[in-house]
There are 2 protein chains.
Amino acid sequence: MLLPAFEFDDKILAQGAEISRKLDQLRLEKFPPNAKKTLRYFSMAEVAHYLGVSPNNLKRLHLEKKGPEPKIAAGGRRIYSAEQMIELRQYLDKNGRSDAKKYVPHRKPGEKLQVIAVVNFKGGSGKTTTAAHLGQHLALTGHRTLAIDLDPQASLSALHGFQPEIDRNPSLFDAIRYDDERKPIRNVIAATNFPYLDIIPANLELQEYEYATPLAMQGSAEGKRFFARLGNALADVDELYDIVIVDCPPQLGYLTLTALAAATSVLITVHPQMLDLMSMSQFLLMLGNITKTIKHVGAHVQMDWLRYLITRYEPTDIPQAQMLGFMQSMLAEEILKSPMLKSTAISDAGLTKQTLYEVERANFNRDTYDRAIECMDAVNFEIQGLIHQAWGRL
Amino acid sequence: MLLPAFEFDDKILAQGAEISRKLDQLRLEKFPPNAKKTLRYFSMAEVAHYLGVSPNNLKRLHLEKKGPEPKIAAGGRRIYSAEQMIELRQYLDKNGRSDAKKYVPHRKPGEKLQVIAVVNFKGGSGKTTTAAHLGQHLALTGHRTLAIDLDPQASLSALHGFQPEIDRNPSLFDAIRYDDERKPIRNVIAATNFPYLDIIPANLELQEYEYATPLAMQGSAEGKRFFARLGNALADVDELYDIVIVDCPPQLGYLTLTALAAATSVLITVHPQMLDLMSMSQFLLMLGNITKTIKHVGAHVQMDWLRYLITRYEPTDIPQAQMLGFMQSMLAEEILKSPMLKSTAISDAGLTKQTLYEVERANFNRDTYDRAIECMDAVNFEIQGLIHQAWGRL
């Protein structure tokens, strides 16, 4: 019996719609009543950690009734909202002994907006997980952060509660398109559930930039300087942020080039496997040559730093360990000291479209969670160090 | 101290070149003297398995001095080359009791060329690993197979011994480009180390198709029918193959659409995690709509079958198991019964850019290898069944 042939478009539209509907249903169940994410409270130990003070200091402040009043949770534990963490920073800066405003780490005059492009060519390298956790970490440590989801797959947006095909949210495309429908970048920025963290979510329309740009390049001087569009747009909100994180699409198109021309530094995520490394080597060569071309027509591609982040690393997996050794023999200086380990806690959190910083430790196996967050913190504090170094602070 | 700024293009060109050079060095070490891959011999048990006869039958043939003469390996084991497996098929078809030519499964009149597009949107879903093992399995089971690497990242090509930035191999772009430099498709087909398996390797130039197509669409009727270019090219080699496997790029561009318009069936690889599923749902919706558009202007997108293959599955990973359950509740009928399990044997083989079918079992932990190959066989025989069903054979 021959298989009954079917129309491909009808079938996948039905399946796509069904999956989308069920995902939306999950979102409603998880975040009632309006499917919007909120943020949990943070323990005193967590707050001390992100503020960079000792837990005892914090306890003393509280006992002296200084700073914001925490909530009392089950078991008498004191817990703070993320907004209260910001109040605490301001309190400490105002009343601390030190002259340096080290608790509110905002940019000072002369320190330029840091734009970090998170790139890779090969998908599945942990790019979005990295960008999401980095953005949230920077917000928790007091930096005014803008995350830009430049990947039409919109996974970073998903992690922040957007479901583009249902929410019909705008994307960066609306702020960099070539026609009359272009909007100011402020109009496409949305708040997240983290104070100090805003996002420009993505949607599939972003892909249009790849088709519109070659056509615009034929016609206009503006099109030929496509690479300047993100930088120009960001100039409008320069004073609002300290750091911009751009989650680039895993392809070498105009979106990626535009992000790189706006970037001050680059983070390349790489999973230590042979095919990933081969693909990355080709990516670097091709990207280097294209970058050279747009540099000749005026793009600025000087970077403060470039680092490789090893992701989803399993130290007990011998082939991975061998690949890491191989990479270190070539790129030692530029591989971040802390690799990001593979962790069930991250996938577990992902089930409800959350990050490690959002989930409640109590809902996890304590060891699994602590190991994951320790590893994540090590990565993110290392990157934060690079950012501060680029500002000349260290 | 401020970080010393550097030119991004210079830095990554140097790093890309260094990685590429070391990878080439590895290739020379692994496949001396000319860096070309060869294929190992197969044990009697393996040959019986792929031929679909009992090992005893095969032993008897050999004792009666019928069919090709195997080589004697260490320990007196009889081993056959892949070419000898083909000879055996022909011998059995000619001398077997059955009237049906079941050992040489080539297409018969009325059975159309099967073109299988392996797609996904999210990278890291195991697409290339799947395409590579499927192509080799089909060749080992006697099908004349053409693998087309349509992903500029060229990982499928890498697995077959190509290193595009050094080998300067042609790609499908040479056979579907719009200008005078277009070549016949025969000129871009290369042999692999597997008899019955040819390949059209990829390189980064393939990406040009994404830029050239919107321009061609402005100008010419030929450009407007871009989606017909692969199908037209394949018509020239239709009589040479039974099955074509197309490893599509993980993006929704003209290459993917061109592949789908040529396809008779679709295999969607998906790693069972939340972000992957969200991205896939969007991909399906967008792909469905675009497919509808090109259908209106004449593309043929009737498929014989569509299946989802669960990849890198770890049954002990609870979040993954939950995601699989969620997917089964929506797509049950169309998820392949056998998932592909995550396996160290596959990464281990990947270290030398090889597949499970290429490596020597003796170099592996026997259990790890056997489990991986059993799982891989289950997947590939299931797909082979669908292909034969599409030919109306089952």
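Residues numbered from 1 in each chain as written. Chains lettered and ligands numbered in written order. Predicted model: local features only at pLDDT ≥ 70, side-chain atom pairs only at ≥ 80, totals over all residues. Heavy atoms only, no water.

1. Some details on the overall build of chain A
Heads up, the condition is: Strands here mean DSSP runs of E at least two residues long; helices mean DSSP runs of H or I at least four residues long; both are numbered from the N terminus. Restricting the calculation to C-alpha atoms gives the radius of gyration, and the globule rule supplies 2.2 Å times the number of residues raised to the power 0.38. Partly exposed residues are those whose accessible area sits between 20% and 50% of the maximum for their type, while under 20% is buried and over 50% is exposed, using a 1.4 Å probe and protein chains only. For this analysis, residues touch if any pair of their heavy atoms sits within 4.5 Å. Each accessible area is a Shrake-Rupley result for a 1.4 Å probe, and residues are judged covered by the shown protein chains and nothing else. Under the counting rule used here, the positive set is Lys and Arg, the negative set is Asp and Glu, and His together with the chain ends is not counted. By convention, the point assigned to a charge is CZ for Arg, NZ for Lys, CD for Glu and CG for Asp.
Along its length, chain A carries 16 helices and 12 strands. For 394 residues, the compact-globule estimate of 2.2 N^0.38 gives 21 Å, and the C-alpha radius of gyration of chain A, at 22 Å, lies within 12% of that figure. With the principal axes as the frame, chain A shows a C-alpha extent of 70 × 60 × 50 Å. A burial count over chain A gives 63% of its 394 residues as buried. A fraction of 79% describes how many contacts in chain A between residues 6 or more apart in sequence connect residues 24 or more apart. Here chain A has roughly 15500 Å² of accessible surface; of this, 52% comes from carbon and sulfur atoms. Looking at chain A, you have 45 positive and 46 negative side-chain charges, and the mean spots of the two groups are 6 Å apart.

2. Points about the pattern of salt bridges
The cut-off we apply is this: Criterion for a salt bridge: a side-chain nitrogen of Lys or Arg within 4 Å of a carboxyl oxygen of Asp or Glu.
Following the criterion strictly, the structure yields 54 salt bridges over all chains and no others. One salt-bridge network, held together by shared partners, links Glu7, Asp9 and Asp10 of chain A together with Lys292 and Lys295 of chain B.

3. A closer look at the sheet that holds strand S10 (residues 265-270) of chain B
Residue and element names in this part refer to chain B. Selection criterion: A pair of strands is labelled paired if DSSP reports no fewer than 2 bridges between them. Between N-to-C directions, angles cover 0 to 180 degrees, with each direction set by a line fitted to C-alpha atoms, over the stretch in contact for helices.
Strand order in this open sheet of 7 strands is S7-S8-S6-S9-S5-S10-S12, and the pairing throughout is mixed. The open sheet is flanked by strand S7 (190-191) and strand S12 (305-310), the only strands paired with a single partner. In this structure, strand S6 (residues 145-149) lies alongside strand S8 (residues 197-200), joined through 4 bridges in parallel fashion. Across the sheet, Leu146 pairs through a bridge with Asp198, a residue of S8. Sheet strands touched by helix H13 (residues 274-296): strand S5 (114-119), S10 and S12. Its angle to S10, the strand with the most contacts, is close to 155°. The sheet strands contacting helix H16 (residues 366-390) are S5, strand S9 (243-247), S10 and S12, and the helix crosses S12 at an angle near 175°.

4. Considering the relation of the copies chain A and chain B
We count it as follows: Superposition of the copies was done by least squares, using only C-alpha atoms of residues whose pLDDT is at least 70 in both.
The transformation that overlays chain A on chain B combines an axial shift of 0.0 Å with a rotation of 180°, and the residual RMSD is 0.0 Å. These values place the two chain copies in the arrangement generated by a two-fold rotation axis. Most of the interface of chain A is mirrored in chain B: 100% of its interface residues are interface residues there too.

5. What about the pairing of strand S8 (residues 197-200) of chain A?
All names here are of chain A. Where strand S7 (residues 190-191) lies against S8, 2 bridges are found, and the strand directions are antiparallel. Each residue of the ladder has a partner; that of Ala191, found in S8, is Asp198. In this structure, the hairpin formed by S7 and S8 is closed by a connection of 5 residues, where Tyr196 is found at a positive phi of approximately 75°.

6. A look at the nonpolar core
Here is the rule: In these notes, a set of buried Ala, Val, Leu, Ile, Met, Phe, Trp, Tyr and Cys residues joined through side-chain atoms within 4.5 Å is what counts as a nonpolar core.
Ranked by size, the top nonpolar core spans 137 residues in total, and within it Ile148, Leu172 and Met280 of chain B carry the most contacts. Setting aside residues no more than four positions away along its own chain, Met280 of chain B makes contact with Ile19 of chain A together with Ile268, Val270, Tyr308, Met327 and Leu331 of chain B. Counting 134 residues, the second largest nonpolar core, distinct from the first, contains Ala175 of chain A together with Val118, Tyr211 and Tyr369 of chain B.

7. Considerations on unusual backbone geometry
Here the bond from Pro32 of chain A into Pro33 of chain A is cis, since omega is 5°, no more than 30 degrees from zero. Along the chain, Pro33 of chain A turns up in the loop between helix H1 (8-30) and strand S2 (42-43). Located in the positive-phi region is Arg312 of chain A, a residue other than glycine, with phi close to 50°. One non-glycine residue, Lys65 of chain B, adopts positive backbone phi at about 60°. Within the secondary structure layout, Lys65 of chain B lies in the loop between helix H3 (55-63) and strand S3 (71-72).

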